[in-house]
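Geometric and topological summary
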Amino acid sequence: MKNSLPDHEPSATVTWRLSRNWDLWSLRRTAIAYILSVELAVAIAAIWLLPTLGSTTTTEWFRFAALVLAVTVHLTIVRRAEESRRDESAGPYFDLTSVWTFAAAIVLPAAMAVLVAVWLRIVLWPIARRQPYRFVFTSAHIVASTVLANAAVHLSGLSLAASGQFLMDLALLSMLVVVAALYWFVQVLLMTVALKIVNPQTRFVDSLGSRNDNMLEMTTLGVGAMLGMLVATHWVAPLLLAVPVILVNALLHRASERQAHLERLVAEQHKAHLQLTKDAHTDYRTGLFNTNGFSEHANRLTERCRHAGQPVAVLAIDLDHFKRINDTWGHPAGNAVLAEVGRILREKLRPGDVAGRDGGEEFVVVLADTGLTQGTAIAERVREAIAEMSVVTTDKHRNTVTLRGRNLPLTEDGPEVRAISASIGVAVVPDNGDCLMAAHHSADAALYTAKENGRNQVRVAGIDLHPRRLPAPRVDEPEVTRSA
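Here the structure is a predicted model, which is why all the values come from computation and not from measurement.

Looking at the overall build of the protein
Within the protein one finds 14 helices and ten strands. By residue count, 47% of the 484 residues in the protein fall in the buried class. Sequence-distant contacts in the protein: of pairs separated by 6 or more residues, those separated by 24 or more amount to 71%. Total accessible area on the protein stands at roughly 24,900 Å², and carbon and sulfur atoms take up 61% of it.

Set out below in structure tokens:
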């Protein structure tokens, strides 16, 4: 037996409610009409059947009492386990109660079968903890399937008592299979229509549950059929079967707990794996790729562009006089500058481009489907952004200091805080080599040229761009080296 009508947020177009606790009125009108129509039809059928209780026999009352007692004992003992399973269920929920309702449907008179189903739902109410309209509708389609299954059994004219004749027993087996299918189909049909009306995007398979859920339902109906046949000859059978059903419920609860635990472990391991993968490929100071991550992603990007016949631009970026920043204000200040440069690169580049820190103050950028002209323009934008940035940090004595780009105007803090700029070399695959490594070497050579010609400029491999320059360096600047 399943309960799969979902919770819903109140519709914005509905402004009235009959009760704050009766969320049925938050659904669309067609859904309200359908749900109330099904419930009304089932209620009329149940009331119409009640007078037939006067013609029942004592044996049938014994069977009814045994089933009611078994239902009560079963659901009372497994209450906590069922609450836990229901809370962990993300979709249609299947339980073992079809054992009792299906057995009642095939062995008891229709009125008694309805009473067993109603009593089962009453006992189940504290466990279900669902919105009233959902619980009532689920109860209605369970009663409907019980009544129709009962009618099918009586129309077949077959007796559940042992006949000893092969053909009769085979016919009885076939009849029970058909009735079980009818019992299942009625519930699925009524629930699927309700789901489709409430949410038109719902697919039919969404209301069926998982493969394991349906295997459990088939098993439950099979046990219910066997119980019905036993009850036909021994009215105490439900009391004997209550213990195995309770034990199976306990096993399902433990299996559900273990599955939930394993799913949590798998999710945690997957999250840890993703984090480790990210850490192994990411430079923690700048948020860009580290050497390993850059090599993997940049080579993959270059190969993809090469096969597509697209050019790839490579930018070699080096911060000017970065050692002086560390020596003057301390390594925390240098780290703050690196972090800000990483942010600028992430903002200035496109989602498909690859940027990485190549050690120290050096960065490398690979631009997909980018020729020389566009790559140079991007490099110039990056250079200007670095030369115009401001970084609030602390010096060696933990005093606050704002380091500024060399393109910014002088301030009262003095010219020495204008300490940030970058030199950039540009190369292109395949113009400067047929692989990433060759183009990187060419961009590196262009970077040396930019350093030697005054820094804070962009140079293209093999081409003199005559870039804009800053005033000549101070006389106390050290001799130019690669790490400068």
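So, the confidence of the model for the protein
Detailed reading of the predicted coordinates is not advisable wherever pLDDT falls low. Chain-level statistics for the protein give a pLDDT mean of 82 and a share of 83% at 70 or above. Of the regions scoring below 50 in pLDDT, residues 6-21 engages in 22 contacts with residues more than four places distant in sequence or in other chains. Across residues 464-484, confidence stays below pLDDT 50; counting only partners more than four residues off in sequence or on other chains, it has 40 contacts.

A few points about the UniProt feature "transmembrane region" (unreviewed entry) in the protein
Per the UniProt record, the feature "transmembrane region" (unreviewed entry) sits at residues 31-49, 61-79, 99-123, 135-158, 170-198 and 219-252. Across residues 31-49, helical content stands at 100% and strand content at 0%; the span's end C-alpha atoms are separated by 27 Å. The span residues 170-198 shows a helical share of 100% and a strand share of 0%, and its end C-alpha atoms are spaced 42 Å apart.

A word on the pattern of salt bridges
For the structure on display, the rule yields ten salt bridges. In this structure, arginine 357 and aspartate 283 form a salt bridge, with 3.3 Å as the shortest nitrogen-oxygen distance. In this pair, arginine 357 is assigned in strand β4 (residues 354-357) and aspartate 283 in the loop between α9 (237-281) and α10 (291-307), connecting sequence segments 74 residues apart. Each member of the pair, arginine 357 as well as aspartate 283, is classed as buried. Between arginine 350 and aspartate 353 there is a salt bridge, with its nearest N and O atoms 2.9 Å apart.

Observations regarding the sheet that holds β4
Sheet strands associate in pairs through backbone hydrogen bonding, adopting either a parallel or an antiparallel arrangement. Across the sheet, which stays open at both edges, the five strands sit in the order β4-β5-β3-β9-β10 with mixed pairing between neighbours. The open sheet terminates on both sides in strands that have one partner only, identified here as β4 and β10 (458-460). The sheet shows a mean angle of 20° between the axes of neighbouring strands, taken without regard to direction. In this sheet, strand β5 (residues 362-367) lies alongside β4 in antiparallel orientation, the contact comprising four bridges. Paired with alanine 355 across the bridge in β5 is valine 365.

Let's talk about the pairing of β4
Burial along β4 is two-sided: the face carrying Val354 and Gly356 and the face carrying Ala355 and Arg357 are both buried. Hairpin connection from β4 to β5: four residues lie between these consecutive antiparallel strands, with glycine 359 at a positive phi of about 100°.

Description of helix α14 (residues 436-452)
Across its 17 residues, α14 extends 24 Å between first and last C-alpha, which sits within 8% of the 24 Å expected from 1.5 Å per residue. Of the positions making up α14, those classed as buried are Leu436, Ala439, Ser442, Ala443, Ala446, Leu447, Ala450 and Lys451. Residues of α14 that are buried sit in contact with α10, β3 (312-319), β5, β9 (422-429) and β10. At the exit of α14 stands glycine 454, carrying a positive phi of roughly 115°.

Focus: a nonpolar patch on the surface
On the surface, Phe62, Leu69, Val73, Ile77, Trp235, Val236, Leu239 and Leu240 cluster together to form a nonpolar patch covering roughly 710 Å² of accessible area. Elements supplying a minimum of two residues to the nonpolar patch: α2 (58-77) and α9. Ranked by the residues each element gives to the nonpolar patch, the list is headed by α2, at four residues. Within the secondary structure, tryptophan 235 sits in the loop between α8 (211-233) and α9.

Some thoughts on the packing of aromatic side chains
Inspection of the entire model under this criterion finds five aromatic pairs. Measuring from ring centre to ring centre gives 6.0 Å for tyrosine 34 and phenylalanine 137, while their planes differ by 50°; the resulting arrangement is tilted. Here tyrosine 34 is found in helix α1 (residues 29-49), whereas its partner phenylalanine 137 is found in helix α6 (residues 132-156), with 103 residues between them in sequence. What makes tyrosine 34 buried here is its relative accessible area of 17%. An angle of 25° between the planes, with centres 5.0 Å apart, marks the rings of phenylalanine 62 and tryptophan 235 as stacked. Of the two residues, phenylalanine 62 sits in helix α2 while tryptophan 235 sits in the loop between α8 and α9, which places them 173 residues apart along the sequence. In this structure, arginine 121 is placed above the aromatic ring of phenylalanine 135, and the distance from its NZ or CZ to the ring centre is 4.2 Å.

The rules behind the values
- Residues numbered from 1 in each chain as written.
- Predicted model: local features only at pLDDT ≥ 70, side-chain atom pairs only at ≥ 80, totals over all residues.
- Heavy atoms only, no water.
- Helix = DSSP H or I, 4+ residues; strand = E, 2+ residues; numbered from the N terminus.
- Buried < 20%, exposed > 50% of the residue type's maximum accessible area, 1.4 Å probe, protein only.
- Contact = heavy atoms within 4.5 Å.
- Areas by Shrake-Rupley, 256 points an atom, 1.4 Å probe, with all protein chains shown as cover.
- pLDDT = per-residue confidence, 0-100.
- UniProt positions renumbered as here; feature names shortened; annotations may be inferred.
- Salt bridge = Lys/Arg side-chain N within 4 Å of Asp/Glu carboxyl O.
- Pairing = 2+ DSSP bridges.
- Axes fitted to C-alpha atoms, helices over the stretch in contact; angles between N-to-C directions.
- Expected span 1.5 Å × (residues − 1).
- Patch = residues over 30% accessible without salt bridge, like charges linked within 9 Å, V, L, I, M, F, W, Y side chains within 5 Å.
- Phe/Tyr/Trp six-rings, centres within 6.5 Å; stacked < 30°, edge-to-face > 60°.
- Lys NZ or Arg CZ within 6 Å of the ring centre and 35° of its normal.

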